[in-house]
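What follows is each chain in one-letter form.
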Amino acid sequence: MNCKYCNEDLTQFIFLNGFKFCPFCGTGLNGERRADNKTSAIARINLVKSIVPQTNLITINAFNTSFELIKCPAGKFLMGSPTTELGHKNNEEQHEVTIDKDFYIGKYPITQAQYEAVTHRNPSYFKAPNNPVSSVNWHQAKEYCHLLNEATINTRPVGYLFDLPTEAQWEYACRANTVTSLNSGKNITYQITSCSNLGELGWYEGNSLGKLHPVGQKKPNNWGIYDMHGNIDEWCRDYYLENYLPQNADPDGEDRTAHRVYRGGCYRNTPICCRSAYRFYVNSFSEYQNGFRIALVKTNKF
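All of these numbers come straight from a predicted model, not from anything done at the bench.

1. A word on the confidence of the model for the protein
Residue-level pLDDT values for the protein average 87, and 82% of them are 70 or greater. Between residues 49–53, whose pLDDT stays under 50, and residues either more than four places distant or in other chains, the model counts 10 contacts.

Below, the structure is given as C-alpha cells:
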C-alpha cells in the first residue's frame, strides 16, 4: 500500500492505532489533502520513529547523559558513485570495500548538550541543546572520543573503543545497503536547487532557512540512523586521499597529511554536496562549521 500523494510505502503503518493518514506528508488514505486529516510535523516524525527496528540499538551512559548507537554488521558495499550519478565527482570512483568487523555508530550526530556535558563548553553558533554541535575541529572531536573512552571502561562493549568513524565506515552506515545518491533508495533530482527527495532526509540550503536544526527530525535510513544528509558536516577519522584507500582492507585513517575527511553536507549546502558519496576535506585544525558522530569500533589504531 502506497500513499496516493507522495508514494511512500505505508504497509508498516497499517496496523498502528489511529492510522488514518500518511505519516510522511499527511495525505488521507483516500488521497484527500484537507487540513483536518494532517497531524503536526512532530507527531508524524514520532510515528515514523516508532516503526524503526531498534534490535541493534545500544545505549551507553556517561557524564550524566546517554549515547544511542546503532550496530552496523560487517559486510561488503560499493563505495563511491557511478559516473552516471547526478553530481558525480572524479574523487568518488566506485569500488567494492569490505567492512570485516561489526561496529556501532551514533544514531544522531553529537548534540550541543552532549558535547557540553563532556567538555563544559559549547562552541556552536546556532545554540540549542538538541542541535548538532558545530565549530569543532578534528582534534577536538578525537579528544571527545578519548574522554568517553576513559569514562566508559566498564560500560562499553568488550573490545570496542569510541572513535570517529572511518570514511568507509561512515559511508557504509549512511548507505545502509542502498546504492542511490541518497540513503532512502532515491536520488537527488537537482544539483543546486530545491530537491524534495533530499528534503525528506535532511536540512540543506533549500529548506534550512540558513540555520542548524535539532537532530532526529527527518526520516532515518534502513538501519535507523538519522541526519546523515545535511544539517552538519561530520568529521571522519581518515586523512584525505584523492583516490581513496586500498579496497577490501577495512580502510582506516592514518596521520599522513594535515587534511582530514568530513562527510554528509550541511544546512548551507546544495543537494550535490549532501549525497552519500560526496567527499569533503579540510585542515584538521579548521573549526569551520563541522560537527561529528561517534562510533564504537574494534581497532588498535587510536
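2. Notes on the packing of aromatic side chains
Applying the stated criterion across every chain yields a total of 14 aromatic pairs. Look at Tyr125 and Phe126: their rings are 4.9 Å apart centre to centre, the planes differ by 85°, and that puts the pair in the edge-to-face class. A relative accessible area of 64% places Tyr125 in the exposed class. Members of the aromatic cluster, connected to one another through ring pairs, are Phe77, Phe103, Tyr172 and Trp223.

3. What to know about the sheet that holds strand 5 (residues 103–106)
Taken in spatial order, the 5 strands line up as 1-2-5-11-6 in an open sheet, and their pairing is antiparallel. Each having just a single partner strand, strand 1 (57–62) and strand 6 (161–163) make up the two edges of the open sheet. If you compare each strand with its neighbour and ignore which way they point, the axes differ by 35° on average. In the sheet, strand 1 pairs with strand 2 (residues 65–72) via 6 bridges, with the strands oriented antiparallel. Across the sheet, the residue bridging to Ile58 is Leu69, located in strand 2.

4. A closer look at the environment of Tyr190
Following the sequence through the fold, Tyr190 ends up in the loop between helix 4 (167–175) and helix 5 (196–199). Tyr190 sits in the partly exposed class, given a relative accessible area of 48%. Residues Tyr190 and Pro271, 81 residues apart in the sequence, show an inter-C-alpha distance of 6.8 Å. Ignoring sequence-local partners within four residues, the contact set of Tyr190 consists of Leu86 and Pro271.

5. A few points about the sheet that holds strand 9 (residues 279–283)
Sheet architecture is open: 4 strands sit in the order 9-8-7-10, paired in mixed fashion. Single-partner strands in this sheet number two, and they are strand 9 and strand 10 (291–292). As defined by bridge partners, strand 7 (residues 234–239) adjoins strand 8 (residues 259–263) across 3 bridges and the pair is classed as antiparallel. Within strand 8, the position partnered with Glu234 by the bridge is Arg263. Here helix 3 (residues 138–151) sits on the sheet in contact with strand 7, strand 8 and strand 10, set at roughly 95° to strand 7. Its contacts with the sheet place helix 4 against strand 7, strand 8 and strand 9, and it is angled at close to 135° to strand 7.

Definitions and limits used
- Residues numbered from 1 in each chain as written.
- Predicted model: local features only at pLDDT ≥ 70, side-chain atom pairs only at ≥ 80, totals over all residues.
- Heavy atoms only, no water.
- pLDDT = per-residue confidence, 0-100.
- Contact = heavy atoms within 4.5 Å.
- Phe/Tyr/Trp six-rings, centres within 6.5 Å; stacked < 30°, edge-to-face > 60°.
- Buried < 20%, exposed > 50% of the residue type's maximum accessible area, 1.4 Å probe, protein only.
- Pairing = 2+ DSSP bridges.
- Helix = DSSP H or I, 4+ residues; strand = E, 2+ residues; numbered from the N terminus.
- Axes fitted to C-alpha atoms, helices over the stretch in contact; angles between N-to-C directions.

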